[in-house]
Amino acid sequence: MIHLPEPARIFADRHARFATLAQQHSLGDWLAYLGRLSQAQHELAMTLDSLAPPAAEALERARQHGMPPLAALSYPRPENWGDLVKRLAAKMTEGAPETMRPRLTALGAMTDAELDAIADALFDGRIDPDALPETTIVAAALQTIWTGLAARLDAKALAILDPSELCPCCGSLPVASILKTSAQINNLRYLHCSLCNTEWNVPRATCTACNTDRDVSYRQIDGDDGGVRAECCDHCKSYLKILAQEKDPHIDPVADDLATLALDLLVDEAGYSRSGPNLLLLGGAG
């Protein structure tokens, strides 16, 4: 089962979650900043009425070949996508830390070619460590655009890909998985796409990187309620966080992942590498 994102809600809900998590958190200022970025994404998402889904023949071709119809590496970006990056940068400049403002101002003055180069490097996994603030804004803009594109697809026409850890809409890796709790979906595990916010069902107690079900274990910070755990695989030595909605109905794969970086440190020190990125924490994937 595949759930497409709701652009009118997802970024606004994420903003609210960041605001909650920032309270009395040691990284509260940073989480609050990312909350403002999520709110800016929401405002941007509400202006993307002109986005159009792929043509019917392209969708059918992708289905026949088992490919994602919005493949991040090959699907054309909207012609005005650079303007969207600059609008997002402008929104974030006001109230940004003093050290960030010159970087955001410079981002707003970049050419389309320079922005395309940052986006290409992001999708190719060649992120410049000296350009992380700029790349994060570019990533947030692309995340907003691809969320809008994914929302315009027909979930019934999509299929889980092989390998199943890739998003059926855009082929990106998941940021985390979440155990859903609702009248229709009770305790089923869904992966959450790091780019387009699509969610798709995968079996529980199975490594989302190598699909083994034999060497999977779970780790959490001592004293935590188990709302966020690391699902670790001793076969491929990877991990991905798994979030339990029953612990908190407002839990968010992106925000709660970033609020639990201590758990990343714990499993990193144990020799595991993260299998999926968080686009608001670039360089965080193993």
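For the structure, check the block above.
Residues numbered from 1 in each chain as written. Predicted model: local features only at pLDDT ≥ 70, side-chain atom pairs only at ≥ 80, totals over all residues. Heavy atoms only, no water.

Here we take up the overall build of the protein. If you tally the helices and strands in the protein, you get nine helices and eight strands. The C-alpha atoms of the protein give 18 Å as radius of gyration, which agrees with the globular expectation for 286 residues (19 Å, within 12%). If one aligns the C-alpha atoms of the protein with their principal axes, the spans along those axes are about 50 × 50 × 35 Å. By residue count, 49% of the 286 residues in the protein fall in the buried class. Split by element, the accessible area of the protein, about 13,300 Å² in all, is 51% carbon and sulfur. Of the side-chain charges in the protein, 25 are positive and 38 negative, and the distance between the mean point of each set is 3 Å. (Helix = DSSP H or I, 4+ residues; strand = E, 2+ residues; numbered from the N terminus. Rg over C-alpha atoms; globule rule 2.2 N^0.38 Å. Buried < 20%, exposed > 50% of the residue type's maximum accessible area, 1.4 Å probe, protein only. Areas by Shrake-Rupley, 256 points an atom, 1.4 Å probe, with all protein chains shown as cover. Lys, Arg positive; Asp, Glu negative; His and termini not counted. Charge placed at Lys NZ, Arg CZ, Asp CG, Glu CD.)

Moving on to the side chain of Ser194. Looking at the secondary structure, you find Ser194 in the loop between β3 (186-193) and β4 (199-201). Note on Ser194: relative accessible area 4%, which makes it buried. Sequence-distant contacts of Ser194, that is, excluding residues within four places in its chain, are made with Gln143, Ser172, Leu173, Pro174, Val175, Pro277 and Leu279. (Contact = heavy atoms within 4.5 Å.)

Tracing the sequence through the fold places Ser38 in helix α2 (residues 28-45). Judged by its relative accessible area of 0%, Ser38 is buried. If we ignore the near neighbours within four places in the chain, the residues touching Ser38 are Phe11, Arg14, His15 and Phe18.

With that settled, consider empty space enclosed by the protein. Tallied over the full model, the rule gives one cavity of 30 Å³ or more. Within this model, the largest cavity holds a volume of roughly 40 Å³. Lining the largest cavity, in full, are Cys207, Thr208, Glu231, Cys232, Cys233, Ser238, Tyr239, Leu240 and Ser275. Among the elements of the structure, β6 (228-233) and β7 (238-244) are those that each provide at least two residues to the lining of the largest cavity. (1 Å grid on protein atoms, 1.4 Å probe; cavity = no way out; pocket = protein on both sides within 12 Å on 5 of 7 lines; lining within 4 Å. Points joined across faces, edges and corners; volume = space filled by probe spheres on them.)

Next up on the list: the packing of aromatic side chains. Summed over all chains, the structure comprises two aromatic pairs. Taken together, a centroid distance of 6.0 Å and an interplanar angle of 70 degrees make the contact between Phe123 and Trp146 edge-to-face. Of this pair, Phe123 sits in helix α6 (residues 112-124) while Trp146 sits in helix α7 (residues 132-151); the two residues are 23 residues apart in sequence, bridging distant segments of the chain. Note on Phe123: relative accessible area 18%, which makes it buried. The class for Trp146 is buried, based on a relative accessible area of 0%. Among the aromatic residues, those joined into a ring-pair cluster are Tyr75, Phe123 and Trp146. Just above the ring of Trp81 sits the side chain of Arg77; from NZ or CZ to the centre is 5.6 Å. Of note, Lys237 hangs over the ring of Tyr272, and the distance from its end group to the ring centre comes to 4.2 Å. (Phe/Tyr/Trp six-rings, centres within 6.5 Å; stacked < 30°, edge-to-face > 60°. Lys NZ or Arg CZ within 6 Å of the ring centre and 35° of its normal.)

Our focus in this paragraph is the layout of surface pockets. One number sums up the size of the largest pocket: a volume of about 810 Å³. Lining the largest pocket are 26 residues, and of these Arg9, Asp13, Lys180, Glu199 and Gln245 sit closest to its centre. Taken together, the elements giving at least two residues each to the lining of the largest pocket come down to α1 (7-22) and β2 (174-181). For the lining of the largest pocket, the element with the most residues is α1, which contributes seven residues. Of the residues contributing to the lining of the largest pocket, the split by class is nine nonpolar, nine polar and eight charged. (Nonpolar A, V, L, I, M, F, W, Y, C, P; charged D, E, K, R; others polar.)

Read these as geometric descriptors, not functional statements.
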